[in-house]
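What follows is the residue order along each chain.
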2 protein chains.
Amino acid sequence: MATLKDISAELGLSVATVSRALNGFPEVNKKTRDKVQQAADRLGYRPNRVAQRLVTGRSGMVGLIIKIKPDMSADQTFFEVITALTAGLAARDTELVLAVDQGTDPVAPYRRMIEKNILDGFILNEPEVNDARVAFLLEQKVPFILHGTDRDDPPYPFYRIDNQKVASDSIDLLARLGHKRIALINARLRHHFAHERLEGFLKAMDRHNLSSDLVKTENWLADDGYMSALELLAHASPPTAFVCASTPIAYGVMRAIRDKGLRVPEDVSVVAHDDAMPVPRAVTLDHALTVTRSPLRDACEPLAHMLMDHLNGKSVADLQVTLTADMIVRGSTGPAPKGGVLT
Amino acid sequence: MATLKDISAELGLSVATVSRALNGFPEVNKKTRDKVQQAADRLGYRPNRVAQRLVTGRSGMVGLIIKIKPDMSADQTFFEVITALTAGLAARDTELVLAVDQGTDPVAPYRRMIEKNILDGFILNEPEVNDARVAFLLEQKVPFILHGTDRDDPPYPFYRIDNQKVASDSIDLLARLGHKRIALINARLRHHFAHERLEGFLKAMDRHNLSSDLVKTENWLADDGYMSALELLAHASPPTAFVCASTPIAYGVMRAIRDKGLRVPEDVSVVAHDDAMPVPRAVTLDHALTVTRSPLRDACEPLAHMLMDHLNGKSVADLQVTLTADMIVRGSTGPAPKGGVLT
DNA sequence: AGGATTTTTCAAAACGTTTTAAATTTGTAT
DNA sequence: ATACAAATTTAAAACGTTTTGAAAAATCCT
C-alpha cells in the first residue's frame, strides 16, 4: 500500500507538501497539487486511517448499542435505522460499531466500550426518564447524541420531535371535529416522551374545556391497545375518539371498536403517532389511519451529522433540535357522532 | 488519559519496559512488573488502540455487510447472529463494523469498505454458487471467512456443515422407517448448499435403491413449501415422506398434508433442516418436527475466532471446518404407512 | 538591483505504541 | 577480583499521518 512517503520520494517533494496537496490546503501550488494528485492516483494511494486517527486523536468510530428483546426478535425498523445511520456517518468518514446489550445493567455495555477506548462517541435511542446511560455518559464526559430526550432541560445534544405538540395537534383536530370525549392511550411513563405527550394532552384538553379522565398507560402493541380500548369503551360516558401512542396500539383499538359493533370513523375516531412506517403495514392499513408522523429513519441522517458536529466542537446549544411531526389526516377520523355513541 | 510515557516517567523506567511489563513479556523482572501494573491501575491507564494498531498494522475491525431485503424486514436470526459474533470478536479485541448492502451489485459495499482501508477482514454469510463477493475478496487478497462454501474445493477459510450428510441422514432415517417414496423440497440452486443437499439426497436414494423423481426446488418460506407439497402429493405415486430445506417449508408442507386429509406422521413423515431455531417457534411447533439441526448462532463464535486466527497467519488448511448436523428425531416422523397413502 | 513581501516548500516534532538491537546489571564460576 | 553468561533494562527506530515553525523561492515594489 502506497504511503505519503512513497509519493514524496517519487516526486522529490516533502511528505508535508504531499499531505497538504492531497488535503486541499490553499498554500500549495496548483502545479504541485496536480502532480501529487496524479502520482497518488497512479500509485493507488489510500490514506492510512489509523495513522490519521493517531495524530488527530479520533478513532473514526461511533458506537450504537442495541438492546435486544428477550425473544431475540428483530425490531421492525432496525434495518432502516442502521441503513440511514451508516449512510450519514459514512458521509463524515466515520464507521458504526455495533455492540449488543443483553444484560440487566443498561450502562454495562457502554462502560465496556469506553474502557476499550476506541470510540469517539455514541448514538443513543429510546431514552427512559432520567436515563442511566445518559447520566453515565455525561459523567464520563463521553460525547453522544440522543434521539429524544430523557429530561426537561437537557444539557446534551439531541434530535427529537415536539411531543407535546403531537398530542395537542391530535386533540385540536378531534376537537374541531366536535369530539368531546377523547381518550389517550399513552405509552409507559418510563419513556420521557410519554410524559411530554401526556402534558400536551392535558393542556390541550384544558384549552378546549374538556375533561381528561380517559387516560391509560399501556405497552406498545396491538393487544395492549385492544385491552385498553375495551376498558375505555366500557366507561359510562365512553370516548368518541382515541389518541394512541403507536400505530400497533391504534390497530388494536380499531379491532376493539369493531368488536363492540362500532364503526371507524362514523362512531369512533382514531389518531395515532407513527414513527415507524414500515413498508408492509403502509400498503395494508395505514391508508386508513390518521397519524402524526415522524419516521424514525428520517431522524438518522441528522443524528449522524449532529454527532459529528458535536465531536468537532460545535456548541451544544446549536445541537438541540426539536422538529414538528406532520399531521396526516386519513380515513380513521371523522366528525363526532351526533348523539353520543350509545344512543 | 494516561499513556505509557506517563507511567514510565512516574516510575523512572523506560517506555519499552513499561510496555513489556503490561504485555506480559517474560523477560521483565517480577518486581518491576508489579510496580508497573500498580502504577497503571493507579493512573487508570488504557492502551491507545489506535497507536497499537498503527504499529501492528491492524485496524482491529472486521466488517459484516448485511443484505437488506426489499421489504426492509428483519431477518429472524439477525440479532442472535450479531450477539454471538460481537461476543466472539470482543474476546479477540476486535470490533464489528456494520455496513448495509442495499444495491444491486453485491460487490459494491465490499469495494467501498476496502477502499476506506479500515478493515482487517470480512465475515461473509449466505454464499451463492461461485459467489461474486468471494471472487472479489480473493482477487483483492482481503482476508475473510465464509459461513458455508460457494464451490466444491474452496481455497479460503470456511465454517460449514456437511450438507450431503444432512440430506443422506434424513434419507437413511426415513428408509429405515420403511419409506420408499421420499420427496425432497430443496432450496434454490443458486445456494451452494442446495447442490450439496441434492447430491447427498441422490446418492442416498441410490444407495437404498429408491427412485429420486420427487424433487422440487423452492423458496424458503411456508407458502413455498405448501405449494410444492400439494403438487408432489398429487403425483400418481405420491411421497410418504418429505425432506425439507427449512423449517418454514416444513410447516407449509404439514399444512398441505393436513389439507389433503392426511396425518403426520401416520400417513406422511416430515423431516427438515433447522439452522435457525428462533425462540418463539421452538415452543409452539418445533417439538413436533424431526430435524437435522445446526443453529446459525452456534456458528458465530467459531467464525469470529477463525477469522482472527486467519489474520494471525494460521494456514488456510487448518481453517476449513466442516461440522456434522445433529439429527433430532421428534414426532413428525414415523413408520411408512402399510399399503401406501392412497389405498 | 535590492529589499520587502508573499507564496511555496521543507525538516522535524508529535501522536502512543511495539520491537530491535544494544547496553547495563546481576549472577556464576573460576 | 575476573571473566563470561544470563537476566533485565534501555535508547532509538518504526508505523503513517498532521502540523508547527522555519527556510527557500518567487513575486513585487521602488
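Scoring rules and cut-offs
Residues numbered from 1 in each chain as written. Chains lettered and ligands numbered in written order. Predicted model: local features only at pLDDT ≥ 70, side-chain atom pairs only at ≥ 80, totals over all residues. Heavy atoms only, no water. Helix = DSSP H or I, 4+ residues; strand = E, 2+ residues; numbered from the N terminus. Contact = heavy atoms within 4.5 Å. Domains from an automatic or database assignment. Least-squares fit on C-alpha atoms with pLDDT ≥ 70 in both. Near = heavy atom within 4 Å. Polar contact = N/O pair within 3.5 Å; in protein donor to acceptor, adjacent residues only side chain to side chain. Axes fitted to C-alpha atoms, helices over the stretch in contact; angles between N-to-C directions. Parallel < 35°, antiparallel > 145°, perpendicular 65-115°, else oblique. Left-handed = near helix turned anticlockwise from the far one by under 90°. Nonpolar A, V, L, I, M, F, W, Y, C, P; charged D, E, K, R; others polar. Buried area = accessible area lost by both parts, 1.4 Å probe. Salt bridge = Lys/Arg side-chain N within 4 Å of Asp/Glu carboxyl O.

## Things to note about the environment of A:Ile68
With respect to the element layout, A:Ile68 can be found in the loop between strand 1 (61-67) and helix 5 (78-90). A C-alpha to C-alpha distance of 21 Å links A:Ile68 and A:Asp224, two positions 156 residues apart in sequence. Those residues in contact with A:Ile68 that lie beyond four places of it in its chain are A:Val100, A:Asp101, B:Phe79 and B:Thr83.

## A look at the domain arrangement of chain A
For chain A, the domain assignment lists domain 1 (4-47), domain 2 (61-160 + 297-324) and domain 3 (163-295). Centre-to-centre separation of domain 1 of chain A and domain 2 of chain A, based on C-alpha positions: 37 Å.

## Focus: the relation of the copies chain A and chain B
With an RMSD of 0.1 Å, chain A superimposes on chain B once it is rotated by 180° and translated 0.1 Å along the axis. These values place the two chain copies in the arrangement generated by a two-fold rotation axis. Taking the C-alpha atom as reference, chain A places A:Val97 closest to the rotation axis, 2.4 Å from it. The overlap is high: 100% of the interface residues of chain A also sit at the interface in chain B, so the same surface is used on both sides.

## Notes on the protein's contact with DNA strand C
Surrounding DNA strand C, one finds 28 residues, the nearest of these being A:Arg20, A:Thr32, B:Leu4, B:Ser19 and B:Tyr45. Each atom of DNA strand C within 4 Å of the protein was assigned to sugar, phosphate or base; sugar and phosphate come to 67%. Between DNA strand C and B:Ser19 there is a distance of 2.5 Å, counted from a phosphate oxygen to a side-chain nitrogen or oxygen. B:Gln52 is positioned with one of its side-chain polar atoms (N or O) 3.2 Å from a phosphate oxygen of DNA strand C.

## Some words on the packing of helix 10 (residues 222-233) of chain B against helix 11 (residues 247-259) of chain B
Residues and elements named next belong to chain B. Put simply, helix 10 and helix 11 touch, their axes get as near as 6 Å, and they point 45° apart. It follows from the interaxial angle that helix 10 and helix 11 lie oblique. Seen from above, helix 10 lies across helix 11 with right-handed handedness. Taken together, the residues of helix 11 that come into contact with helix 10 (itself represented by Ala-222, Asp-223, Gly-225, Tyr-226, Ala-229, Leu-230 and Leu-233) are Pro-248, Ile-249, Gly-252, Val-253, Arg-255, Ala-256, Ile-257 and Asp-259. Partitioning the contact of helix 10 with helix 11 into residue classes produces 10 nonpolar, two polar and three charged.

## Considerations on unusual backbone geometry
Residues and elements named next belong to chain A. With an omega dihedral of 5°, the bond running from Val-264 to Pro-265 counts as a cis peptide bond. For Pro-265, the location among the structural elements is in the loop between helix 11 (247-259) and strand 9 (269-274). Notably, Lys-141 is not glycine yet its phi reads approximately 55°, a positive angle. Within the secondary structure layout, Lys-141 lies in the loop between helix 7 (132-140) and strand 4 (144-147).

## Some points on the interface of chain A and chain B
Opposite the 41 residues of chain A that make contact, chain B presents 41 residues. Each partner contributes to the roughly 3700 Å² buried at the junction of chain A and chain B, and carbon and sulfur atoms together form 67% of this total. Counting across the interface, chain A meets chain B through two salt bridges. Note that A:Glu95 and B:Lys116 form a salt bridge whose closest N and O atoms lie 3.3 Å from each other. In this assembly, chain A and chain B are joined by six residue pairs in polar contact (both at pLDDT 80 or more). Among the elements that make up the side of chain A that touches chain B, the one with the highest residue count is helix 5 of chain A (seven residues).

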